[in-house]
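Structure at a glance
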Amino acid sequence: MTPEQLKELIFNIIHDAAMSGAIALDPNAVPEVKVERPRVREHGDWATNVAMQLGKKAGMNPRDFAQLVVEKLVADKGVDHAEVAGPGFINITVNAAAAGELARTILEQGTQYGRSSARAGEVVNLEYVSANPTGPIHIGGARWAAVGDSLARILEASGANVVREYYFNDHGSQIDRFAKSLLARARGLEAPEDGYGGQYIEDIANAVMAENASIDPLKLDDPAAQEFFREHGVTRMFGEIKKELADFRVEFDVFFHEDSLHESGAVDQSIADLRDKGVIYENEGATWLRSTDFGDDKDRVIIKSDGNAAYFAGDIAYYLNKRERGADHVIIMLGADHHGYIGRMYAMARAFGDTAGKGENLELLIGQLVNLVKNGQPVRMSKRAGTIVVLSDLVEAAGVDAARYSLVRAAMDTTLEIDLGLISSRTNENPVYYVQYAHARTKSVDANALSHGVTRDAFDPALLDTPADGELVAKLAQFPEIVAQSAQLREPHRVARYLEELAGAYHAWYGASRVTPRGDEPVSDMHRTRLWLNDAAGQVLANGLSLLGVSAPEKM
């Protein structure tokens, strides 16, 4: 019996009691039931506080309400024991056979175990990374890449249709500074004071020159030469960014060019739409959005007094464009320096008549910084970028698997410190190694079982009755709920932390349980049944790692 099945059983008990009038409760007001593992294992396999939630609403003492539920619970063949504890907690012990049946369920569902259709029909536009095409992806952008891609996988596992989007910032002063920097390096000069430095600037300038040998941009006047490097340099830089992301197992469905918003007239149209809604006004020669009417701390300029569009005008048009393309939910992941951005963006969405906030039409996720250390000392400089640590530095030092996992395993709204020595080590102190080794161990057990003639041609879940069996089965049962929570809360790190707990439960089970017979001991149904449980653990470990874009090796 899985937690989902137990929750459904308790819900139905309460709903039926309300329908029959046994309790004075509106049957349509029965909430989703929550069950969790009790802290003290002697209290049972699962516990719920539903009686404390609903007892008073039903005009009953919570303990009396709980007793009514317990009497129905124990009548179910999947429940071995249930009792009321404290002020109204219900502690439940499930039947070993009913619990162990989960191993069969997992192996029958295979890669689909943990997935659901809960968000079927939802279209989510998820924008992440969106680094300016003026240099390699820095370590903060690497975090958004790993977290964003993992979140996309988790939302898809919950049934959503996810559009992965990269906003290509090719309109603005940063591109001009990039082009000037390339031109300066091509001329053998230092980059402008407000330009970009690092070896990559010289590399790109040289590559652009070599690829366009028939044209000598250095003979052009400054505006023409700068435009030449703008066109060819940005294209090459962005090509490198795409490859770097692809090598990091991060792919996008849409690369949206900021310039297109201005060239297509989308910016003007979005402002016209807001004007029609009566939320635009003119003051001191500028055009303003009355964003304070929608929760912002001050009104925002969208057309400056010189007639040029403010950067915020592009944001308005881009959001509207996403909604017009069919996005029910627009999720944008931003860096730590964008907290002041939230109020104006949410106000803009509300001005269009949308909702804003967690799970609404527009949702902004703010991530925090990443610090790299090695031998206790900060890693501060890149060989290529000069003044910043970039994605390729991390991948070179630790590999894609360790890099992705270490960037995802902490809540993204907390500052993250990564120890390069630790995540490169092959020890159980390294979280990704610990989890991957658990998966590899399940495959080793498979191979050893085969050599001893142990196969999955028999399965008796009632034999999975040891404490180690129960702990592993219970941990496997939690996976679907963890995936659902991670999708709902936009927190991929929950999957990583769950996998570490599962790996711990599996390693403990491996130490306490034998899948193969000793010596001349004959192969029994106990061995065969434990092989099912071993393989179920391997499947869930692989499924979870896949959600994080991390490989599940068969040998280590």
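As shown above, the structure is provided for reference.
Residues numbered from 1 in each chain as written. Predicted model: local features only at pLDDT ≥ 70, side-chain atom pairs only at ≥ 80, totals over all residues. Heavy atoms only, no water.

Moving on, we come to the overall build of the protein. A tally of helices and strands in the protein yields 20 helices and 14 strands. For the protein, the spread of C-alpha atoms along the three principal axes comes to 85 × 65 × 40 Å. Looking at the protein as a whole, 52% of its 556 residues are labelled buried. Partitioning the intrachain contacts of the protein with sequence separation of at least 6 by distance along the chain shows that 71% fall at a separation of at least 24. Only carbon and sulfur atoms are counted for the fraction: they give 47% of the accessible area of the protein, which is about 24800 Å². The distance from the centre of the 57 positive side-chain charges to the centre of the 80 negative ones in the protein is 3 Å. (Helix = DSSP H or I, 4+ residues; strand = E, 2+ residues; numbered from the N terminus. Buried < 20%, exposed > 50% of the residue type's maximum accessible area, 1.4 Å probe, protein only. Contact = heavy atoms within 4.5 Å. Areas by Shrake-Rupley, 256 points an atom, 1.4 Å probe, with all protein chains shown as cover. Lys, Arg positive; Asp, Glu negative; His and termini not counted. Charge placed at Lys NZ, Arg CZ, Asp CG, Glu CD.)

Looking now at the sheet that holds strand β14 (residues 416-419). Read from one edge to the other, the open sheet built from 3 strands follows the order β13-β12-β14, with strand pairing classed as mixed. What marks the edges here is a single partner per strand, and that holds for β13 (377-378) and β14. One ladder, built from 4 bridges, connects strand β12 (residues 370-374) with β14; its direction is parallel. Looking across to β14, one finds that asparagine 371 is bridged to glutamate 417. (Pairing = 2+ DSSP bridges.)

For any pair of aromatic rings, the description rests on two quantities: the centre-to-centre distance and the angle between the ring planes. Inspection of the entire model under this criterion finds 19 aromatic pairs. Aromatic side chains tyrosine 506 and tryptophan 509 sit 5.7 Å apart centroid to centroid with 35 degrees between the ring planes, which places their arrangement in the tilted category. Of this pair, tyrosine 506 and tryptophan 509 both sit in helix α19 (residues 493-512), 3 residues apart, which is roughly one turn of that helix. For tyrosine 506, a relative accessible area of 0% corresponds to the buried category. Residue classification places tryptophan 509 among the buried residues on the basis of a relative accessible area of 1%. (Phe/Tyr/Trp six-rings, centres within 6.5 Å; stacked < 30°, edge-to-face > 60°.)

Most peptide bonds take the trans form, and the phi angle of most residues other than glycine is negative. Not every positive phi belongs to a glycine, and arginine 249 is a case in point at roughly 65 degrees. By the element assignment, arginine 249 lies in the loop between α8 (222-247) and β6 (254-257). The phi dihedral of arginine 490 falls on the positive side, at around 60 degrees, and the residue is not glycine. On the secondary structure map, arginine 490 appears in the loop between α18 (479-489) and α19. Arginine 490 gets classed as buried once you look at its relative accessible area, which sits at 5%.

The 3 strands lie next to each other as β1-β3-β2, forming an open sheet whose pairing is antiparallel. Edge positions in the sheet fall to β1 (46-48) and β2 (79-85), since each of these pairs with one other strand and no more. For this sheet, the mean inter-axis angle between neighbouring strands, taken without regard to orientation, is 20 degrees. Sitting on the sheet, helix α1 (residues 3-20) is in contact with β1, β2 and β3 (89-94), with an inclination near 35 degrees to β1. (Axes fitted to C-alpha atoms, helices over the stretch in contact; angles between N-to-C directions.)

All right, on to the pairing of β2 then. Taken together, the 6 bridges between β2 and β3 define a ladder with antiparallel strand orientation. Residue pairing for β3: alanine 85 is matched across the bridge by phenylalanine 89. Between β2 and β3, which pair antiparallel one after the other, the connecting turn spans 3 residues, and glycine 86 there sits at a positive phi close to 55 degrees.

Note on placement: asparagine 361 falls in the loop between α12 (342-351) and β11 (362-366). A distance of 3.1 Å separates a polar atom in the side chain of asparagine 361 from the backbone oxygen of aspartate 328. Contact partners of asparagine 361, with chain neighbours within four places excluded, come to Tyr319, Arg323, Asp328, His329, Val330, Asp354 and Thr355. (Polar contact = N/O pair within 3.5 Å; in protein donor to acceptor, adjacent residues only side chain to side chain.)

Next up on the list: the pattern of salt bridges. With the rule as written, the count across this model stands at 31 salt bridges. Residues aspartate 149 and arginine 153 are paired through a salt bridge, measuring 2.7 Å at the closest nitrogen-oxygen approach. Of this pair, aspartate 149 and arginine 153 both sit in helix α5 (residues 139-157), 4 residues apart, which is roughly one turn of the helix. With a relative accessible area of 22%, arginine 153 lands in the partly exposed category. Between arginine 275 and glutamate 282 there is a salt bridge whose closest N-O contact spans 3.0 Å. (Salt bridge = Lys/Arg side-chain N within 4 Å of Asp/Glu carboxyl O.)

A few words now on the nonpolar core. Side chains of nonpolar character tend, in soluble globular proteins, to be buried together. Ile10, Ile14, Leu73 and Leu476 are the most contacted members of the largest nonpolar core, which has 137 residues in total. Ranked by the residues each element gives to this core, the list is headed by α5, at 11 residues. When residues of this core are assigned to domains, at least three map to each of domain 1 (3-94) and domain 2 (428-548). By size, the runner-up hydrophobic cluster in this structure holds 33 residues, among which are Ala313, Met345, Ala349 and Ile366. (Core = buried A, V, L, I, M, F, W, Y, C linked by side-chain atoms within 4.5 Å. Domains from an automatic or database assignment.)

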